[in-house]
Amino acid sequence: MAKRHVMVPAEEVDLSTVKYDSEAIQAPHLTGFVFKLFVRIIEAPVIGSLIVSHLKKQNRFVQMMRNTVIPESPMFKPEFPPQEPETGVVAVDEDGNPEDRVESALKCLPHYDLAGRWNGDQAPPFQYWKIRDYAYAYRSGLVTPSIVAERIIPIIEEFSNKKPLAPLLISFDAEEVRKQAAASTERFEEGKPLSILDGIFMAIKDDIDCLPHPSKGGSTWLHEVRSVKKDAVSVSKLRSCGVIFLGKANMHEFGMGTTGNNPNYGTTRNPHAPERYTGGSSSGPAAIVASGLCSAALGTDGGGSIRIPSSLCGVVGFKTTFGRTNMQGSTCDCGTVEILGPIASSVEDVMLVYAAILGSSPADRISLKPSVPCLPILSSYDGLNALGSLRLGKYTAWFNDVNSTDISDKCEDVLDLLCKTHGCETVEIVIPELQEMRNAHLVSIGAEMLCSVNPDCDDGKGVRMAYDTRTSLALFRSFTASDYVAAQCLRRRIMYHHMEIFKKVDVIVTPTTGMTAPIIPPSAIQFGETDMQVTGYLMRFILAANLLGLPAISVPVGYDKQGLPIGLQLIGRPWGEASLLRVASAIEELCLKSKKRPVSFYDVLKTN
């Protein structure tokens, strides 16, 4: 007989008794023919159910989700208490023109010697060109969007023809890029650029609609059942600012993986180490930004899919508060854990793109009551001074639970430097029920994913999915209605814990991932793989932002002994994007001198 367990109400949990329980996922690592065979077995009616049931019991899923009485009522999507207004910020109009918001963001940025950078007067070890550099070059007549396009196009085509396949983009039309670039070039010649983003090249993840491309979600068939009739809302806003869209970036099929492995089109390689994964599921967006071919990209994040690849590829990834950006026009626009957000090579470029795309949907404005969106003033002393009173929450036992101490040591060093430089304070916190949070997120995202693909699986498309997607779906199909309700009860409970923490601190700090970029097993290239130990490390610090809808950002802070990028994650209060961007900018500034040029990097702005 299963033992019945009763949780005390969240407000009665004694934090002094909470012991950190290191996560250890029990599941086999499989690739190649053995993996194919395993998938066939777990999809079989009787034996498959027995295997999935055994794995769930091994990982304490049944005890936690079915044998436990949870006193809280369910929270079916994030609900936030009212928040104190942020300081040192400027409010922007989410109903206004995206170009005006981008202009407001531009005015918030600190002084930057554009001519000096272009002429090589500033010479840090390595630095990406910023959006402001492109705008300066275009407006000064030093280069045109059409010239830059002609430099990018052959590189994209080269990546698409590599053996084994390792494309950055899985939908690309060179003539469409030339057409957009010519229109932008003409606007600059007439002295009428639409915004600072005019002529800026961006890639769009393959689960976000961007005409004239199909949206396949990294699969081989989604475009057959779902046609693209118009741009996603976020893409439309960027287009009005003059952004040039390169195409649809590669991704882990349906976003159901953390490595970026895609046997359908080929697996995108990490620009810092081509034998390693980019992280996922926004693999293409992170890699194309890290390689220098794009200033920014759009991704989606339901379980770290922006932050994980950004960390592993050494760029900045921004997950906004749930409901801050309009998800309409993405393939994952009906869930409760997913958001759409920017990836860029710098915090200021993330901020410029974020300013363009922000704005809640009409439904989210009613249900979530978002606070007015704000941007941090980084150009004044008052703005910087806001860092002095900052309290950084750190759960040390969790923070240090990483694959290599290179990660925790580097993140710790950067936090110490931040506190020393700006007068911040690190506060020790305890976050209870992390295992419960993992299971609640798994059931939530799994049920939402299954709901979206079930009609097509029943129509025969399921066998055309990648084997790791089919493995995930076999697990998701084992979830019951009571599992789903229990997960939502846990969501309310865990939200309470975090809101209590945010009464004591302003930001929660963690490494972004528990390991740096993993090696791609050669046997995983053709059929994919399942490796839950790697997934556990990559998702270790990720899930609160998704389950609870909190904003979070990953900032590159250095490298491990193998030269692989390490990211630091900042998790903020609901609607606290401006505060996160301010702290992220300060951290970025402290780490500038340690930045390394990726192995696979292309300077498409200035070739000499």
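To be clear, the structure that these remarks concern was listed above.
Fair warning: this is a prediction, and the values are worked out from it, not measured in the lab. (Residues numbered from 1 in each chain as written. Predicted model: local features only at pLDDT ≥ 70, side-chain atom pairs only at ≥ 80, totals over all residues. Heavy atoms only, no water.)

K.L.:
Is there a simple way to think about the overall build of the protein in this case?
P.N.:
When helices and strands are counted, the protein shows 23 helices and 19 strands. A compact globule built from 608 residues should have a C-alpha radius of gyration of about 25 Å, and the protein, at 23 Å, falls within 12% of that. Taken along its principal axes, the extent of the C-alpha atoms in the protein is 75 × 55 × 50 Å. By the burial criterion, 61% of the 608 residues in the protein qualify as buried. Relative to all contacts within the protein whose residues are 6 or more apart in sequence, the contacts with residues 24 or more apart total 80%. Total accessible area on the protein is roughly 22,700 Å²; 54% of this is exposed by carbon and sulfur atoms. Averaging the coordinates of the 61 positive side-chain charges in the protein and doing the same for the 68 negative ones gives two points 3 Å apart. (Helix = DSSP H or I, 4+ residues; strand = E, 2+ residues; numbered from the N terminus. Rg over C-alpha atoms; globule rule 2.2 N^0.38 Å. Buried < 20%, exposed > 50% of the residue type's maximum accessible area, 1.4 Å probe, protein only. Contact = heavy atoms within 4.5 Å. Areas by Shrake-Rupley, 256 points an atom, 1.4 Å probe, with all protein chains shown as cover. Lys, Arg positive; Asp, Glu negative; His and termini not counted. Charge placed at Lys NZ, Arg CZ, Asp CG, Glu CD.)

K.L.:
Honestly, the packing of helix H10 (residues 233-240) against helix H13 (residues 347-357) in this entry has me stumped. Any pointers?
P.N.:
Geometrically, a packed helix pair is captured by the angle between its two axes and the distance between the axes. The contact between H10 and H13 brings their axes to 8 Å, and the two run at 110°. By the angle between their axes, H10 is roughly perpendicular relative to H13. The interaxial crossing formed by H10 with H13 has right-handed handedness. Along its contact with H10, which presents Ser234, Lys237 and Leu238, the element H13 presents Val353, Ala356 and Ile357. (Axes fitted to C-alpha atoms, helices over the stretch in contact; angles between N-to-C directions. Parallel < 35°, antiparallel > 145°, perpendicular 65-115°, else oblique. Left-handed = near helix turned anticlockwise from the far one by under 90°.)

K.L.:
What should I look at first to understand the nonpolar core in this one?
P.N.:
Side chains that are nonpolar tend, in soluble globular proteins, to be buried together. With 161 residues, the main nonpolar core has Leu197, Leu238, Ile288, Leu298, Leu570 and Ile587 as its most contacted residues. Non-local contacts of isoleucine 288, meaning those with residues more than four positions away in its chain, are made with Ile156, Leu168, Leu169, Ala203, Leu246, Leu293 and Cys294. (Core = buried A, V, L, I, M, F, W, Y, C linked by side-chain atoms within 4.5 Å.)

K.L.:
What exactly am I supposed to notice about helix H2 (residues 47-58) here?
P.N.:
The α-helix advances 3.6 residues per turn, and as a result positions three or four apart in sequence lie on the same side. For H2, which comprises twelve residues, the first-to-last C-alpha distance of 17 Å matches the rise-based estimate of 16 Å (1.5 Å per residue) to within 8%. Phi turns positive one or two residues past the end of H2, at arginine 60, with a value near 60°. (Expected span 1.5 Å × (residues − 1).)

K.L.:
Explain the pattern of salt bridges here, please?
P.N.:
In this structure the tally under the stated criterion is 32 salt bridges. The shortest N-O distance in the salt bridge between glutamate 224 and arginine 464 comes to 2.9 Å. Taken together, the residues span a long stretch of sequence, with glutamate 224 in helix H9 (residues 222-225) and arginine 464 in the loop between helix H18 (434-461) and helix H19 (467-476) at a distance of 240 residues. For glutamate 224, a relative accessible area of 46% corresponds to the partly exposed category. A salt bridge links lysine 561 to aspartate 406; the nearest nitrogen and oxygen atoms lie 2.6 Å apart. With lysine 561 in the loop between strand E18 (552-559) and strand E19 (565-572) and aspartate 406 in helix H17 (residues 405-422), the pair connects residues that are 155 residues apart, well separated along the chain. (Salt bridge = Lys/Arg side-chain N within 4 Å of Asp/Glu carboxyl O.)

Keep in mind these values describe shape, not function.
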